[in-house]
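So you can see what is in the structure, the chains are spelled out below.
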Amino acid sequence: MQVSYDDVVRWIRAFAAEIGTNKEQLTELDSAIGDGDHGINMDRGMSAVIGKVDTADQDQDIGALLKTVGMTLVSTVGGAGGPLYGTLFMQMGTALPGKAVIGPDDWTAALDAAVSGVQARGKAEPGDKTMIDALIPARDALKTALVGGASFEDALRRSADAAGQGMRDTIPLVARKGRASYLGERSAGHQDPGATSSHLLLEAAAEAWAA
Amino acid sequence: MKKLINKPEDVVTEELEGIAAAHPDLVRVQYNPNVIIRADAPIQGKVGLVSGGGSGHEPMHGGFVGLGMLDAACPGEVFTSPTPDQMLDATKAVDGGAGVLHIVKNYTGDVMNFEMAAELAGGESIQVEAVVIDDDVAVQDSLYTAGRRGVGATVLAEKICGAAAEAGRSLSEVAELCRKVNANSRSMGMALTSCIVPAAGKPTFELGDDEMEIGIGIHGEPGRERMKVEPSAKIVERLASPIVEDLPFEQGDQVLAFVNGMGGTPLIELYIVYNDLRKFLDGRGITISRNLIGPYITSLEMAGCSITLLKLDDELIQLWDSPVKTAGLRWEA
């Protein structure tokens, strides 16, 4: 299986739809341990992205498309989510220059670049109760599945499931980054909103690219 | 939700239109991306001062754009950090060749967005320095948190650095001064009521009729303790003691005492707080040489106050007394 430019557009649309559907849940999670704007901000950003995707003329260049998505998020989301998701997409775009189709190796490189970029921007380590706690397990599960001979499609599914597990595993964690860190022990018992939206991102890829 | 607004989604734009209409002598407003820019910017040879943050803290920051204070302010959505494209536009608009200082409150979003803006400005060959303000003693500063929040000291830093930039100091000198103001300032706030973010439509947190939150943040973030409301003198002690102990402020020190209203507290109460603060500091041999009393860094309609103390020396006094002409703060020399 290979993923085409149009498949990437379908993934972006699916992610935007997931954010729209889960806006209230993301905002509730963020209200518990943050400042309650993650759902509202991401929805505003992804709505702007959809506007751009509709009019984008990227000559089937997946890298350029993802950079546009990242830049749009940076300039419309604000808060911490803007720079973090903006960096994630921009780094993915940089890892896929001029590609009209991508395969498993490309997607692995893109996820690697996304994780590095988000960590460089947010300076979070695994276990800090952030989106990194969904992204790193997703990347690792993808690699493990591919090395073990799984199909791309199957590897994407396992990657999304690992993101979901990582997201749930943030519940008992004490936050060490972002506004939730001010709560100290009181942040334990709540699922991290950033890890939740990151799970939606990878779930959207697994679903959009399932044959 | 009862508010003097038209539509929640238009709050920031309509506020900016109001500011532009009210103060054309002081500022001009750019929309999409939103920036409030000093009317006569860029000023050749002067260091440009840019700050910004979520809206809802008025008059900070847009009300502090003008002579002797900020050159530009970037208003985000209510309680949401502005974005790097706003900050880049602000930086370009105020760069008079002497570089630009970014004054950043220590919130994860603000810090990351300003970092991206500085990278973008560097790419356009504009010299940028950033100073992060983190004066809130209610928050424990440790490796395991995002660090102390930036609150009242931001107003003082913008005023004092604005005067220094006006006097022709270099970018590195103004940045050093900004770090000095931050290092010598400590703050703590409290709330009697919550605030309502227009887009959310309901109170950010619940507080009983007879309760207060000590150590509140300017976005309604939880503080140190929730307790029954007490007399002003007792509340002042709860706020001022940790402030004085933290720096520490000592007998013989001269300070600027800033009693700030959170947005929903009348001036009569702020003067009562100031009077109690004066007595508290008198008892410790600390002299108030300058003061600032009023709503300057607010949290929408939250009732409550914050106290900021800044240890003064002759340099800071002279810069504080220098003329300022903005919508939110103005005096002659």
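Residues numbered from 1 in each chain as written. Chains lettered and ligands numbered in written order. Predicted model: local features only at pLDDT ≥ 70, side-chain atom pairs only at ≥ 80, totals over all residues.

(A) Geometry of the pairing of strand β4 (residues 72-78) of chain B. All names here are of chain B. For β4, the tally of buried residues reaches seven of seven residues, placing the bulk of the element in the interior. Relative to β4, strand β2 (residues 35-38) runs antiparallel, the two being bridged by two bridges. Looking at the pairing, Ile 36 lines up with Ala 73 of β4. The pairing of strand β3 (residues 48-55) with β4 spans five bridges and is parallel. Bridge assignment links Ser 51 to a residue of β4, and that residue is Ala 73. (Buried ≥ 20, exposed ≤ 12 C-beta atoms within 10 Å, placed from the backbone. Helix = DSSP H or I, 4+ residues; strand = E, 2+ residues; numbered from the N terminus. Pairing = 2+ DSSP bridges.)

(B) Up close: the domain arrangement of chain B. Residues and elements named next belong to chain B. According to the domain assignment, chain B contains domain 1 (8-184 + 321-331) and domain 2 (185-312). Put simply, the middle of domain 1 and the middle of domain 2, counted by C-alpha atoms, are 23 Å apart. Taken residue by residue, the interface counts 24 residues in domain 1 and 29 residues in domain 2. Broken down by secondary-structure element, the contributors of at least two residues to the side of domain 1 that touches domain 2 are α4 (153-166) and α5 (171-183). Of all the elements, α4 adds the most residues to the side of domain 1 that touches domain 2, at four residues. Class assignment for the residues of the side of domain 1 that touches domain 2 results in 13 nonpolar, seven polar and four charged. (Domains from an automatic or database assignment. Contact = placed C-beta atoms within 7 Å. Nonpolar A, V, L, I, M, F, W, Y, C, P; charged D, E, K, R; others polar.)

(C) Region of interest: the sheet that holds β2 of chain B. Residue and element names in this part refer to chain B. With mixed pairing, the six strands of this open sheet are ordered in space as β1-β2-β4-β3-β5-β6. Edge positions in the sheet fall to β1 (27-30) and β6 (128-133), since each has one partner strand and no second. In this sheet, neighbouring strand axes are inclined to one another by 20° on average, regardless of whether the strands run parallel or antiparallel. Strand direction decides the pairing type here: strand β5 (residues 100-105) and β6, joined by six bridges, are parallel. Note on β6: the bridge partner recorded for Lys 105 is Ile 133. (Axes fitted to C-alpha atoms, helices over the stretch in contact; angles between N-to-C directions.)

(D) Region of the structure containing the environment of Leu 66 of chain A. Residues and elements named next belong to chain A. The residue Leu 66 is located in helix α4 (residues 62-76) in this model. Taking C-alpha positions, Leu 66 is 18 Å from His 199, a pair spaced 133 residues apart along the chain. In this structure Leu 66 touches Phe 89, Met 92, Gly 93 and Leu 96, once residues within four positions along its chain are discounted.

(E) Representation of helix α7 (residues 132-147) of chain A in the model. Residues and elements named next belong to chain A. Helix length check: α7 (16 residues) gives 22 Å between terminal C-alpha atoms against 22 Å at 1.5 Å per residue, within 8%. Among all positions of α7, only Ile 132, Asp 133, Ala 134, Leu 135, Ile 136, Pro 137, Ala 138, Arg 139, Ala 141, Leu 142, Ala 145 and Leu 146 are buried. Once α7 ends, the next one or two residues include Gly 149, with phi positive near 90°. (Expected span 1.5 Å × (residues − 1).)

(F) Main features of the sheet that holds strand β9 (residues 225-228) of chain B. All names here are of chain B. Strand order in this open sheet of six strands is β9-β8-β7-β12-β10-β11, and the pairing throughout is mixed. Lying at the two open borders of the sheet, with one neighbouring strand each, are β9 and β11 (287-294). Each strand of the sheet is rotated relative to its neighbour by a mean of 20°, with strand direction disregarded. Taken together, the seven bridges between strand β10 (residues 254-261) and strand β12 (residues 304-311) define a ladder with antiparallel strand orientation. Its bridge partner being in β12, Leu 256 is matched across the sheet by Leu 310. In this fold α4 packs onto β7 (185-191), β10 and β12, with an angle of close to 45° to the strand it touches most, β12.

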